[in-house]
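Structure at a glance
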Amino acid sequence: MRVIGIDPGLRNLGWGVIESQGSRLTHIANGLCKSTGTDLGARLLSLHEQLTDVFHRFGPEAAAVEQTFVNRDGAGTLKLGQARGIAMLVPAQAGLEIGEYAPNAVKKAIVGVGHAEKHQIAHMINIHFPGVKLSGPDAADALAIAITHAHHLQSGSRLSAAIARAS
């Protein structure tokens, strides 16, 4: 199953695509959608167009998005929420259900601690996928989200199989 992880951001929206076959994970691609334009509407449109192109090129079958981290800057949080709306809209337009994960849950799944720093996530992604060139920290985070979702989907299918066998 092809899984895309998306790390929402208004300037840089990170994305990472992996292939999950059983417990084996393979890196497909990663990158950044960089917003362009002078006003918020134009910037959101540019993110939508770029992410839609990623979906057309890589054809993910499952998607996951990081939940918004709320901080003291209300205006910044609102803008991030609008970028997250684009990150949710594009997979929904492709007919996919969207997994949502808190930043600390992703960090714990990948690094082992919920308050890991970006360089620690990138390090663990390089361990998962040796030799892969990361487009940046936001792309590494997106791959971490994709890995977290792939593990979640795998756990769910194992549970469903166990329930079916018990019935």
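Quick note: structure is the one above.
The rules behind the values
- Residues numbered from 1 in each chain as written.
- Predicted model: local features only at pLDDT ≥ 70, side-chain atom pairs only at ≥ 80, totals over all residues.
- Heavy atoms only, no water.
- Helix = DSSP H or I, 4+ residues; strand = E, 2+ residues; numbered from the N terminus.
- Expected span 1.5 Å × (residues − 1).
- Buried < 20%, exposed > 50% of the residue type's maximum accessible area, 1.4 Å probe, protein only.
- Arc of directions from axis to C-beta.
- Contact = heavy atoms within 4.5 Å.
- Phe/Tyr/Trp six-rings, centres within 6.5 Å; stacked < 30°, edge-to-face > 60°.
- Pairing = 2+ DSSP bridges.
- Axes fitted to C-alpha atoms, helices over the stretch in contact; angles between N-to-C directions.
- Salt bridge = Lys/Arg side-chain N within 4 Å of Asp/Glu carboxyl O.

Below, the discussion takes up helix α2 (residues 74-93). Counted at 1.5 Å a residue, the expected span for α2 with its 20 residues is 28 Å, and the 28 Å between its end C-alpha atoms agrees. Taken as a whole, α2 has its buried residues at Thr77, Ala83, Arg84, Ile86, Ala87, Val90 and Pro91. For α2, the buried positions fall inside an angular range of 165 degrees around the axis, keeping them on one side. Turned more than 90 degrees off the buried face of α2, the exposed positions are Leu78 and Gln93. The secondary structure elements touched by the buried residues of α2 are β1 (2-7), β2 (12-21), α1 (40-58), β4 (62-66) and β5 (98-101). Positioned one or two residues after α2, Gly95 has a phi angle of 80 degrees, which is positive.

What follows covers the packing of aromatic side chains. Overall, the coordinates contain one aromatic pair when judged by the stated rule. With 5.5 Å between their ring centres and 35 degrees between their planes, Trp15 and Phe58 make a pair best called tilted. With a gap of 43 residues between them, Trp15 in strand β2 and Phe58 in helix α1 connect regions that are remote in the sequence. Residue Phe58 is classed as buried on the basis of its relative accessible area of 17%.

Spatially, five strands are ordered β3-β2-β1-β4-β5 in an open sheet, and the strand pairing comes out mixed. Here the strands that pair on one side only, and so sit at the sheet edges, are β3 (24-34) and β5. Going across the sheet, the axis of each strand differs from the next one's by a mean of 20 degrees, ignoring polarity. Sheet topology places β1 next to β4; four bridges connect them, and they run parallel. When the sheet's bridge partners are listed, Val3 is paired in β4 with Ala62.

Another point: the pattern of salt bridges. Overall, the coordinates contain five salt bridges when judged by the stated rule. Between Glu100 and Arg84 there is a salt bridge, with the nearest N and O atoms lying 2.3 Å from each other. In this pair, Glu100 is assigned in strand β5 and Arg84 in helix α2, connecting sequence segments 16 residues apart. Owing to a relative accessible area of 37%, Glu100 belongs among the partly exposed residues under this scheme. With a relative accessible area of 14%, Arg84 lands in the buried category. When salt bridges that share partners are traced, they join Lys118, Asp138 and Asp141 into one network.

Just distances and angles here, no functional claims.
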